[in-house]
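Residue-level structure breakdown
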Amino acid sequence: PSEALTMTNGLLLLPNIDLAFDRGFISFAENGEIIYSPQFKDDDARALGISPSMQLRWCYPQHNEFLEYHRINVLRTDD
């Protein structure tokens, strides 16, 4: 099936978290813990209501392939 139609190629996130995720300011580890981009400033995170203690409530093993892609290709780095 197309990746766009694959259930595990998507996360149900609150709009503020989805925006930061889509723009590469945050991602998630395999265990669901949030990962901040080095470009994501603490003040911006607070303004968006995002904290380092957040994590996904559940994550299927099939999500890992897509999350890994996101961490490598979308999450902003220092560059």
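Residues numbered from 1 in each chain as written. Predicted model: local features only at pLDDT ≥ 70, side-chain atom pairs only at ≥ 80, totals over all residues. Heavy atoms only, no water.

**Re the overall build of the chain**
Scanning the chain for helices and strands turns up three helices and two strands. For the chain, the N- to C-terminal ordering of α and β elements is α-β-β-α-α. Considering the chain as a whole, with its 79 residues, one finds that 29% of them fall into the buried category. Of the contacts made within the chain by residues no fewer than 6 positions apart, 56% connect residues no fewer than 24 positions apart. Accessible surface, the chain: about 5,600 Å² in total, of which carbon and sulfur atoms supply 53%. (Helix = DSSP H or I, 4+ residues; strand = E, 2+ residues; numbered from the N terminus. Buried < 20%, exposed > 50% of the residue type's maximum accessible area, 1.4 Å probe, protein only. Contact = heavy atoms within 4.5 Å. Areas by Shrake-Rupley, 256 points an atom, 1.4 Å probe, with all protein chains shown as cover.)

**Focus: the packing of aromatic side chains**
According to the stated counting rule, one finds four aromatic pairs in the structure shown. Measuring from ring centre to ring centre gives 5.8 Å for phenylalanine 21 and phenylalanine 28, while their planes differ by 35°; the resulting arrangement is tilted. The two residues phenylalanine 21 and phenylalanine 28 agree in class, both being buried. On the basis of an interplanar angle of 75° and a centroid distance of 5.2 Å, the ring pair of tyrosine 36 and phenylalanine 40 is categorised as edge-to-face. Pairwise contacts between aromatic rings join Phe25, Tyr36 and Phe40 into one cluster. (Phe/Tyr/Trp six-rings, centres within 6.5 Å; stacked < 30°, edge-to-face > 60°.)

**Side note on the nonpolar core**
By size, the foremost hydrophobic cluster in this structure holds 12 residues: Leu13, Ile17, Ala20, Phe21, Ile26, Phe28, Ile34, Phe40, Ala45, Ile50, Leu56 and Leu67. Sorting the residues of this core by element identifies helix 1 (15-22) and strand 1 (26-28) as the ones contributing at least two each. Ignoring any residue separated from it by four or fewer positions in sequence, one finds isoleucine 34 in contact with Ile26, Ser27, Phe28, Ile50, Ser51, Pro52, Met54 and Gln55. (Core = buried A, V, L, I, M, F, W, Y, C linked by side-chain atoms within 4.5 Å.)

**Section: the side chain of serine 27**
Inspection of the secondary structure assignment puts serine 27 in strand 1. For serine 27, a relative accessible area of 0% corresponds to the buried category. For serine 27, the side chain forms a polar contact with the side chain of histidine 70, separated by 2.8 Å. When neighbours within four sequence positions are excluded, serine 27 is seen to be in contact with Phe21, Glu33, Ile34, Ile35, Leu67, His70, Arg71 and Leu75. (Polar contact = N/O pair within 3.5 Å; in protein donor to acceptor, adjacent residues only side chain to side chain.)

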